[in-house]
Structure formats: structure tokens, C-alpha cells
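Report on the structure
Listed below are the residues making up each chain.
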Amino acid sequence: MNIHIIKDGKEAGQGVAYLDDGTMIVVEGGKKYVGEVVDVVVTSVLQTAAGRMIFAKLKNAS
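Everything numeric here is computed off the predicted structure, so don't read it as measured data.

Before going further, it helps to spend a moment on the overall build of the protein chain. Scanning the protein chain from N- to C-terminus turns up zero helices and six strands. The linear arrangement of helices and strands in the protein chain, starting from the amino end, is β-β-β-β-β-β. On C-alpha atoms alone, the protein chain measures out to a radius of gyration of 11 Å, which is about the 11 Å that the 2.2 N^0.38 rule sets for 62 residues. With the C-alpha coordinates of the protein chain rotated into their principal frame, the extents come out at 30 × 20 × 20 Å. Among the 62 residues that make up the protein chain, the fraction classed as buried is 27%. Summarising the internal contacts of the protein chain: among those between residues at least 6 apart in sequence, 39% fall at separations of at least 24.

In C-alpha cells, the structure reads:
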């Protein structure tokens, strides 16, 4: 998945992006890529009362 990280996440090192429908994507290790477009791999999806959250990691990270 190709996303644009727009801000820091709540936990250390996280970056946050949003899909067109408002779904939040939390990217582990994404903090240093704020303002950039990166490739990520989805690791899990969580359904909350506020909507869906997607957790991902950088595609090129080990």
C-alpha cells in the first residue's frame, strides 16, 4: 500500500496517514518519513467505535 504520512503518532517512532474514507493508518517506524509517500505492509486491522484503524510497517523494513 502506498500512503502519505502526515503526522507523528502517539507512540514513539510512529507515523500516521489517512485513507480517503478517513480510516487512520498507524505506521511503525514512520515518524522519520512525515511528509513523504512510502510503501507499507498492513500488519493488522482493528475495528473501533470511532471506525477502523489499520496498523502497518514500512515495506522495506525488516
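Turning our eyes to something else, we now look at the nonpolar core. Counting residues in hydrophobic clusters, the biggest one holds 10 residues: I3, I5, A17, I25, V27, V38, V40, I54, A56 and L58. With three residues, strand 6 (residues 51–58) is the largest single contributor of residues to this core.

With that settled, consider the environment of T43. Along the chain, T43 turns up in strand 5 (residues 37–48). Along the primary structure T43 and F55 are separated by 12 residues, whereas in three dimensions their C-alpha atoms are 5.6 Å apart.

Under the defined criterion, the tally for this structure stands at two salt bridges. K31 is the partner of D8 in a salt bridge, and the nearest nitrogen-oxygen pair spans 4.0 Å. Here D8 is found in strand 2 (residues 7–8), whereas its partner K31 is found in the loop between strand 4 (24–28) and strand 5, with 23 residues between them in sequence. Of the residues examined, D8 reaches a relative accessible area of 41% and is grouped as partly exposed. On the basis of relative accessible area, K31 is assigned to the partly exposed category, the value being 44%. In this structure, the salt-bridge partner of D21 is R52, at a minimum N-O distance of 3.5 Å. Pair noted here: D21 is in the loop between strand 3 (15–18) and strand 4 and R52 is in strand 6, with a separation of 31 residues, a long-range link. Note on D21: relative accessible area 56%, which makes it exposed.

Moving on, we come to the pairing of strand 6. Within a regular strand, the side chains alternate between the two sheet faces. By the bridge criterion, five bridges tie strand 4 to strand 6 in an arrangement that is parallel. For V26, the partnering residue across the bridge sits in strand 6 and is F55. Summarising the sheet, strand 5 and strand 6 pair through eight bridges and their orientation is antiparallel. Across the sheet, the residue bridging to V40 is L58, located in strand 6.

Rules used throughout
Residues numbered from 1 in each chain as written. Predicted model: local features only at pLDDT ≥ 70, side-chain atom pairs only at ≥ 80, totals over all residues. Heavy atoms only, no water. Helix = DSSP H or I, 4+ residues; strand = E, 2+ residues; numbered from the N terminus. Rg over C-alpha atoms; globule rule 2.2 N^0.38 Å. Buried < 20%, exposed > 50% of the residue type's maximum accessible area, 1.4 Å probe, protein only. Contact = heavy atoms within 4.5 Å. Core = buried A, V, L, I, M, F, W, Y, C linked by side-chain atoms within 4.5 Å. Salt bridge = Lys/Arg side-chain N within 4 Å of Asp/Glu carboxyl O. Pairing = 2+ DSSP bridges.

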